[in-house]
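The chain contents come next:
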Amino acid sequence: METVWFCLVAIMIAFYVVFDGFDLGAGLAHLFVGRTEAERAAILQAIGPVWDGNEVWLLAGGGTLYFAFPALYSSSFSGFYLALMIVLWLLILRGISIEFRNHIDSEMWMPFWDVVFGASSGLLALLYGVALGNVVRGVPLGADGFFFLPLWTDFLPGQKAGVIDWYTVLTGLASLAALSMHGSLWVTMKTTGELRARSRQFAGRSWWAAAAMTAAITPVSFWIQPHLGERFAEAPWGAVFPALAVAGLAGAWIYGRRDRDGMAFLASCAYLLGMMTSVVFGVYPYVLPSNVDASRSLTVFNAAAPHYGLQVGLYWWFPGIVLVTGYFIFAYRHSHGRIEVN
Amino acid sequence: MDSALGIHRLHFAFTATFHYIFPQLTMGLALLIFVLKTQALRTGRAEYDQAAVFWTRIFSVNFALGVVTGIPMEFQFGTNWASFSRAAGGVIGQTLAMEGVFSFFLESTFLGLLVYGRQRLSPALHWFSSLMVFVGSWLSGFFIIATDAWMQHPVGFKLGPKGEILLDSFGTLLGNPWIYWQYAHNMTASVVTASFVMAALGAYYMLRRQHEAQGRLFVKTGVAAGMAATLLMIFPTGDRQGRMVTEYQPATLAAMEGQFDTMRGAPIALVGQPDMERLELDNPINVPRALSFLTHQRWTAEVKGLKDFPREQWPDNIPLLYYSYHIMVGLGTVMLAVMAASVLLWWRGMLFTHRTAMWALMLVFPFPYIATTFGWMTAELGRQPWLIYGLMRTAQGPSMSVSAGNGIFTLLGFMGLYALLALLFVFLVYREVERGPVEASAGVH
């Protein structure tokens, strides 16, 4: 039962990365790809009706994590206190920049919010990668199951590491590159003409960055967290997850070259899903490893809520997700098609 | 307030109070927009659709701020209240996760269609979107109230061997009697806020002799809905909420009312200042026996005073609790009077030309916001010193690993950012008001 919920929470967070990932990436890319106000407006229009729903995966995934794994939620949220507060401030700035930009048609107002939108999107993409790097590296969990990480210490991924060290910077940059590619593939798929061409070119460049960073962080991760190697050795079938990531990355390149924009974007989704599931599979049964004393690590079993609550949760979770799937199909069908620059 | 506990409390109180400025309007306004859309569909008259378009614009600014200030609320359970979350997450996480799954997706999907879809959707589907936004936002309110109700009156749990709080009955959790009156009270208050805002803006246009047809419609809708909602907010929902406090939190009731001594036929104090040194109410103006009647429905019933409760059960800030409650009730009474007078003038056919009434309706709109804020302060200060009533003390709840210094840093960060949001909010809403309803319908959305 704990493992079932572990998978469900992982799926919700992976959906968050895939869905909100493209609007984060589009936010980052739109500063480089959109040359005129009209072009930037078109990119915003491509995410306007759906970004809020995408971000809800974070809230719903967070809420589900809260009730299914209260010990993990409380420990990680208080331990990453400063980093999460910065994430909150960025989410606030990003949300209002999207919603407020089009209220006033002015040469000062719109470019200002465009920069806020691009910068906050980019920083969030970076920070999410840093967060994932922290989970892989482990944190100094105390005997009471809590910890507190400063933002940085000596930038070394040892026992005294802060949130930011050279390893988590690498994972952050990998996330930045991956979401740039993902977002610009979305923009490529949703636009026409010159804007599409420029976005396609940006996607191609960020593909190289994503491929290089993926190649760089993979061996380093196995070195930093030996559990990953043990896990893949003990359950070799888990290789399907990295294989999905590699296939997705290859697909994004191949379809991108052939101007199959929709397929290229889907391949990028597969790449992100593959990366996320690889990490999740690799750290299992840990959910937050300790980098000082392995016995203090939070696992799927010692962090979960009792059986009854998890059981009851299944009864409302599945009908709920069926409804959500319905809304998503409805919303995406109604915002279907490419957007012309006015 | 320089202890870590004090900072964590202030952190949550500040962000929650600021956040709730927006949902209290949007939940009520979602209902009013739905009513306008229904009228538009039923009568086919353009003025209703015009009004709905205009109010949807006001709604979307408020909604965006409600969303961005709402995310920190969910995060803070983990970041600032980790001990509480570890102990009770298995219970209250249920209702918070349900809010995400059942209401946020619904709201965000259909709000996108309501705001962006007017040209793309058929009138019936656009009307349906407004219904779904209404349902989604009211469901969201329900799950939050269910969470708070459990903290006010915990049910459906059992204690584990190490004292951990385990969910025992999901049915009992959602059937908590505290939820339903609190929900009804809170949601009628939300309709009150939206109605007063709508009436105030209508009155503003009437006084400026601008957009008069729409102004008249706003006043009508606001006064009709405001009269009904204000009555329901006071009776039965407010009354029942009070009786629930009497039954389950008797020390809180005594503190709210400033009742220090146990007595039969207890009076209700309309004004007065609690003196915590001498334990009495200074300068009281009393209505004899009213408190006994309101709480126990008998004029001579005994009401237990604070002095007969052990000190460790007393709420920790009695004067603030007392004033919060009295401000809520006092403003609620003023609001009822303004609405009643407006209905009377409307019935006599004088409302829209009566400039004093228009001025009153326009100026009174902050009152529901203030009353709602103090109402929530009454509920939350009244629960003290408990975080979960009778089960967990507030002092046991915060993140022990997060120091006061880090808490002050992020509290100041939120204050700065929210000051910016407040300025932007006022600026953007003012612009929408100046553009007015007629132009809005011809605009891009």
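Residues numbered from 1 in each chain as written. Chains lettered and ligands numbered in written order. Predicted model: local features only at pLDDT ≥ 70, side-chain atom pairs only at ≥ 80, totals over all residues.

**A short note on the overall build of chain A**
A count of helices and strands for chain A gives twelve helices and two strands. Secondary structure elements of chain A, listed N to C terminal, follow the sequence α-α-α-α-α-α-α-α-α-α-α-β-β-α. In terms of overall dimensions, chain A is globule-like: its C-alpha atoms have a radius of gyration of 20 Å, near the 20 Å expected for 342 residues. When its C-alpha atoms are laid out on the principal axes, chain A stretches across 60 × 40 × 40 Å. (Helix = DSSP H or I, 4+ residues; strand = E, 2+ residues; numbered from the N terminus. Rg over C-alpha atoms; globule rule 2.2 N^0.38 Å.)

**Quick word on the overall build of chain B**
Counting its secondary structure elements, chain B contains 13 helices and eight strands. Residues classed as buried in chain B amount to 54% of the 445 residues present. Relative to all contacts within chain B whose residues are 6 or more apart in sequence, the contacts with residues 24 or more apart total 73%. (Buried ≥ 20, exposed ≤ 12 C-beta atoms within 10 Å, placed from the backbone. Contact = placed C-beta atoms within 7 Å.)

**Some thoughts on the interface of chain A and chain B**
The interface is formed by 52 residues belonging to chain A together with 48 residues belonging to chain B. Elements with a contribution of two residues or more to the side of chain A that touches chain B: helix H3 (51-68), helix H4 (70-79), helix H5 (81-101) and helix H12 (307-334) of chain A. For the side of chain A that touches chain B, the leading source of residues is H12 of chain A, giving 13 residues. Taken together, the residues of the side of chain A that touches chain B sort by class into 35 nonpolar, 15 polar and two charged. (Nonpolar A, V, L, I, M, F, W, Y, C, P; charged D, E, K, R; others polar.)

**As for the packing of helix H1 (residues 2-33) of chain A against H3 of chain A**
Residue and element names in this part refer to chain A. It is at 8 Å that the axes of H1 and H3 come closest, and there the two elements cross at 160°. Comparing the axis directions of H1 and H3 gives the class roughly antiparallel. The handedness of the crossing between H1 and H3 is left-handed. In this structure, H1 uses Trp 5, Leu 8, Val 9, Met 12, Ile 13, Phe 15, Tyr 16, Phe 19, Asp 20 and Asp 23 to contact H3, whose residues at the interface are Trp 51, Asn 54, Glu 55, Trp 57, Leu 58, Ala 60, Gly 61, Thr 64, Leu 65 and Ala 68. Partitioned by chemical class, the residues of the contact of H1 with H3 number 14 nonpolar, three polar and three charged. (Axes fitted to C-alpha atoms, helices over the stretch in contact; angles between N-to-C directions. Parallel < 35°, antiparallel > 145°, perpendicular 65-115°, else oblique. Left-handed = near helix turned anticlockwise from the far one by under 90°.)

**A short note on the domain arrangement of chain B**
Residue and element names in this part refer to chain B. Domain annotation for chain B reports domain 1 (4-257 + 314-442) and domain 2 (263-303). A C-alpha centroid distance of 30 Å is found between domain 1 and domain 2. Counting from both sides, the interface comprises eight residues of domain 1 and, opposite them, seven residues of domain 2. At the level of elements, helix H7 (212-248), helix H8 (250-257) and helix H10 (318-347) are the ones that each hand at least two residues to the side of domain 1 that touches domain 2. Considering only residue class, the side of domain 1 that touches domain 2 consists of four nonpolar, two polar and two charged. (Domains from an automatic or database assignment.)

**Observations concerning unusual backbone geometry**
The omega torsion across Phe 235 of chain B and Pro 236 of chain B is 5°, close enough to zero to call that bond cis. Tracing the backbone shows Pro 236 of chain B in helix H7. The peptide bond linking Gln 384 of chain B to Pro 385 of chain B adopts the cis configuration, its omega dihedral lying at 5°. Even without glycine at this site, Asp 259 of chain A takes up a positive phi of about 60°. Tracing the backbone shows Asp 259 of chain A in the loop between helix H10 (240-257) and helix H11 (261-283). Under the C-beta neighbour-count criterion, Asp 259 of chain A is labelled exposed, with 11 such atoms within 10 Å. If you check the backbone angles, Gln 297 of chain B has positive phi at about 60° while not being a glycine. Its location among the elements puts Gln 297 of chain B in the loop between helix H9 (290-296) and strand E6 (302-303). You can call Gln 297 of chain B exposed: it has 9 C-beta atoms within 10 Å.

**Description of helix H6 (residues 109-137) of chain A**
Across its 29 residues, H6 of chain A extends 42 Å between first and last C-alpha, which sits within 8% of the 42 Å expected from 1.5 Å per residue. A positive phi of about 100° marks Gly 138 of chain A, the residue just after H6 of chain A. (Expected span 1.5 Å × (residues − 1).)

**As for the nonpolar core**
By size, the foremost hydrophobic cluster in this structure holds 253 residues, and its most contacted members are Phe 69 of chain A together with Trp 55 of chain B. Beyond its immediate chain neighbours, meaning those up to four positions away, Trp 55 of chain B contacts Leu 29, Leu 32, Ile 33 and Leu 36 of chain B. With six residues, the next largest nonpolar core counts Ala 266, Ile 268, Leu 291 and Val 303 of chain B among its residues. (Core = buried A, V, L, I, M, F, W, Y, C linked by C-beta atoms within 7 Å.)

**Considerations on the environment of Asp 275 of chain B**
In this structure, Asp 275 of chain B sits in strand E4 (residues 268-275). The spatial distance from the C-alpha of Asp 275 of chain B to the C-alpha of Phe 352 of chain B is 46 Å, given a sequence separation of 77 residues.

**A few points about the confidence of the model for chain B**
Residue and element names in this part refer to chain B. Of all residues in chain B, 98% attain a pLDDT of 70 or more, and the chain-wide mean is 94. Across chain B, the element-wise mean pLDDT spans from 91 in helix H13 (residues 404-442) up to 98 in helix H12 (residues 366-383). Here residues 440-445 is modelled with pLDDT under 50, and outside its nearest four sequence neighbours on either side it reaches ten contacts, counting other chains as well. The ipTM assigned to the predicted complex is 0.94, against a pTM of 0.95. (pLDDT = per-residue confidence, 0-100.)

**Overview of the pairing of E4 of chain B**
All names here are of chain B. Here E4 runs beside strand E5 (residues 280-287); their pairing, made up of six bridges, is antiparallel. Bridge assignment links Ile 268 to a residue of E5, and that residue is Val 287. Two successive antiparallel strands, E4 and E5, enclose a turn made up of four residues, where Leu 279 displays a positive phi of approximately 55°. (Pairing = 2+ DSSP bridges.)

**Quick notes on the packing of helix H1 (residues 4-43) of chain B against helix H4 (residues 123-152) of chain B**
All names here are of chain B. For the pair H1 and H4, the least separation of the axes is 9 Å and the interaxial angle reads 160°. Taken as axis vectors, H1 and H4 run roughly antiparallel relative to one another. You can see that H1 and H4 cross each other, and the crossing is left-handed. Within the contact between the two elements, H1 uses Thr 26, Met 27, Ala 30, Leu 31, Ile 33, Phe 34, Lys 37, Thr 38 and Leu 41 and H4 uses Pro 123, Trp 127, Ser 130, Leu 131, Val 133, Phe 134, Ser 137, Trp 138 and Gly 141. Among the residues making up the contact of H1 with H4, the classes are represented as twelve nonpolar, five polar and one charged.

**A short note on the environment of Asp 20 of chain A**
All names here are of chain A. Along the chain, Asp 20 turns up in helix H1. The sequence separation of Asp 20 and Gly 183 amounts to 163 residues, and the corresponding C-alpha distance is 9.3 Å. When residues no more than four places from it in sequence are discounted, the contact partners of Asp 20 are Asn 54, Glu 55, Trp 57 and Leu 58.

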